[in-house]
Amino acid sequence: MNLDDPNIYKQYDLSDMLSRLHEMPAQCEKAWQMALDFKLPAEYRQINKVVVLGMGGSAIGSDLASSLLLHETKLPFFVHRDSTLPSFVDSNTLVVASSYSGNTEETLTAFAQAKIAGAKRLAITTGGKLGDLARQENFPAFTYVYPTQPRVALPYGILPIICFLQQLGFIRDKSSDVAQMVRALRGLTQRIDRTVPTTSNAAKQLANNLHNHLPVIYGAGIFGPVARRWKAQFNENSKVWAFYEVFPELSHNAVVGCQFPPDMCEKAAVIVLRSSLLPARLQERYTATCRLVEEQGATCRFADGEGDSELAQMMSLVMLGDYTSYYLAMLYGTDPTPVTAIDRLKQQLS
């Protein structure tokens, strides 16, 4: 399959996923402005912890936000993927239900418990049952319209969370970081678009390297959740097995577990998410780990973040992963948009 052939995109991208990827920079601008215009109740400033409820594409944005803000705010920030609410939730907790559809079973179940616990509640959704609940019980709901798959609406998952914590006084103003991020994303989009030939296109090159291999993504620090995002995008867009690991923990276990079975080692392709903002010691660990992996027969390549801020570096790597998973779907001759297995599972459970 030749990724420079425009006909393959017409043949396999039946729902025009590529257009949604192109829209990410504009999505980020719109999501940020909408969040700036959305005002939370004054009493929400009294919280002492945040719990975000979500699953899949509706949760990963909060993972990214939590990691990004870990060393800036003393406010405990938890992302919870379960139908049972943590027992520490109380009246001083802000519980955010993040559900693109507004109908996510686990999120709705846990959110109902938040009311009983007396927590301050907030919804981030396009509507559904969650939107109806917000109108009935009169708690704030940040609603948006963007018809797509939840995973492609990532800006509405990460930027409102950051903006609301800024509004409540827990972090500094991030407006300049957001503007810088948008510039970095626009520049990157121009260099990894499908019209850019493979010889100059980092995302196409990575997809070709991953074709007929098992993607394993390594990340560190704020790029740990980005590695998780890459893994999920390979699952949902490319329809392939994929795994992720996080430094420095992987140095204490994963580096040993890449010897057997031998034929699997040769099929594994490791992508290491790298950034100039990471400490020099971690960069050294990256190099040493890749050497160990390659000795076992796997391939190891680097993917680099762009921009001056942590937010720009994080989101540029997210975008690079999104495009790479898209091109990998083309190589496998599959439409990246549908998630038939997830839909079937939901039907069976209903």
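Residues numbered from 1 in each chain as written. Predicted model: local features only at pLDDT ≥ 70, side-chain atom pairs only at ≥ 80, totals over all residues. Heavy atoms only, no water.

Trainee: Explain the overall build of the protein to me, using residue names and the numbers behind them.
Mentor: Of regular secondary structure, the protein possesses 14 helices and nine strands. By the compact-globule yardstick of 20 Å for 350 residues, the protein fits well, its C-alpha radius of gyration being 20 Å. Counting only C-alpha atoms and orienting by the principal axes, one finds that the protein spans roughly 55 × 45 × 40 Å. The buried share of the protein, taken over its 350 residues, is 53%. A separation threshold of at least 6 residues defines the contact pool for the protein, and within that pool the share at least 24 residues apart is 79%. (Helix = DSSP H or I, 4+ residues; strand = E, 2+ residues; numbered from the N terminus. Rg over C-alpha atoms; globule rule 2.2 N^0.38 Å. Buried < 20%, exposed > 50% of the residue type's maximum accessible area, 1.4 Å probe, protein only. Contact = heavy atoms within 4.5 Å.)

Trainee: Give me the sheet that holds strand S2 (residues 77-80): which residues, what numbers.
Mentor: The pairing of strands in a sheet happens through backbone hydrogen bonds and is either parallel or antiparallel. Taken together, the five strands give an open sheet; going across it, the order is S2-S1-S3-S4-S5, and neighbouring strands pair in parallel fashion. Pairing within the sheet leaves two strands with one partner each, and these edge strands are S2 and strand S5 (141-143). Adjacent strand axes in the sheet meet at a mean angle of 15°, parallel and antiparallel pairs treated alike. Here three bridges tie strand S4 (residues 120-125) to S5, and the two strands are oriented parallel to one another. Residue pairing for S5: Thr125 is matched across the bridge by Thr143. In this fold helix H5 (residues 105-116) packs onto strand S1 (49-53), strand S3 (93-99) and S4, with an angle of close to 155° to the strand it touches most, S3. (Pairing = 2+ DSSP bridges. Axes fitted to C-alpha atoms, helices over the stretch in contact; angles between N-to-C directions.)

Trainee: Could you give an account of empty space enclosed by the protein, with specific residues and numbers?
Mentor: Under the counting rule described, the total for this entry stands at two cavities of 30 Å³ or more. Its volume calculated, the largest cavity comes out at about 80 Å³. What lines the largest cavity is Gly57, Ser58, Ser98, Ser99, Tyr100, Ile124, Tyr144, Pro150, Ala153, Tyr156 and Gly157. Each residue belonging to the lining of the largest cavity can be placed in one class, and the counts come to six nonpolar, five polar and no charged. Considering only enclosed or pocket space, the second largest cavity measures out at about 40 Å³ in volume. For the second largest cavity, the full set of lining residues is Val50, Leu94, Val96, Leu122, Ile161, Phe164 and Leu165. Listed by contribution, the elements that provide at least two residues to the lining of the second largest cavity are S3 and helix H7 (155-167). (1 Å grid on protein atoms, 1.4 Å probe; cavity = no way out; pocket = protein on both sides within 12 Å on 5 of 7 lines; lining within 4 Å. Points joined across faces, edges and corners; volume = space filled by probe spheres on them. Nonpolar A, V, L, I, M, F, W, Y, C, P; charged D, E, K, R; others polar.)

Trainee: So, the layout of surface pockets: which residues are in play, and what are the values?
Mentor: Considered as a void within the structure, the largest pocket measures approximately 740 Å³ in volume. Residue lining of the largest pocket: 22 residues in total, with Met55, Thr104, Glu106, Ile342 and Lys346 positioned closest to the centre. Those elements that place two or more of their residues in the lining of the largest pocket are H5 and helix H14 (340-349). Of the residues forming the lining of the largest pocket, the biggest block, five residues, is contributed by H14. When grouped by side-chain class, the residues that make up the lining of the largest pocket number seven nonpolar, nine polar and six charged.

Trainee: Can you break down the pattern of salt bridges residue by residue, with the values?
Mentor: Within this structure, the stated rule accounts for 15 salt bridges. Between Glu29 and Arg186 there is a salt bridge whose closest N-O contact spans 2.7 Å. One end of the pair, Glu29, is in helix H3 (residues 24-37); the other, Arg186, is in helix H8 (residues 175-192), with 157 residues separating them in the sequence. Classification of Glu29 as partly exposed rests on a relative accessible area of 39%. (Salt bridge = Lys/Arg side-chain N within 4 Å of Asp/Glu carboxyl O.)

Trainee: Explain the pairing of S2 residue by residue, including any values.
Mentor: Look at any regular strand and the pattern is simple: side chains alternate between the two faces of the sheet. Alignment of S1 against S2, held across four bridges, turns out to be parallel. Residue pairing for S2: Val52 is matched across the bridge by Val79. Read from S1 through helix H4 (residues 60-69) to S2, the crossover connection turns out right-handed. (Right-handed = clockwise from strand over helix to strand, strands pointing away.)

Trainee: Which residues make up the environment of Gly102, and what values do they have?
Mentor: Inspection of the secondary structure assignment puts Gly102 in the loop between S3 and H5. As a C-alpha pair, Gly102 and Lys129 span 27 residues in sequence and 5.4 Å in three-dimensional space.

Trainee: A description of the packing of H5 against helix H6 (residues 128-137) should follow, citing residues and the corresponding values.
Mentor: Here H5 crosses H6 at 15°, and the two axes come no closer than 11 Å. Taken together, H5 and H6 sit at an angle that is classed as roughly parallel. The two elements H5 and H6 meet at a crossing, and its hand is right-handed. Between H5 and H6, the contacting residues are Leu108, Phe111 and Lys115 on the first element and Lys129, Leu130, Leu133 and Glu137 on the second. Split into classes, the residues belonging to the contact of H5 with H6 amount to four nonpolar, no polar and three charged. (Parallel < 35°, antiparallel > 145°, perpendicular 65-115°, else oblique. Left-handed = near helix turned anticlockwise from the far one by under 90°.)

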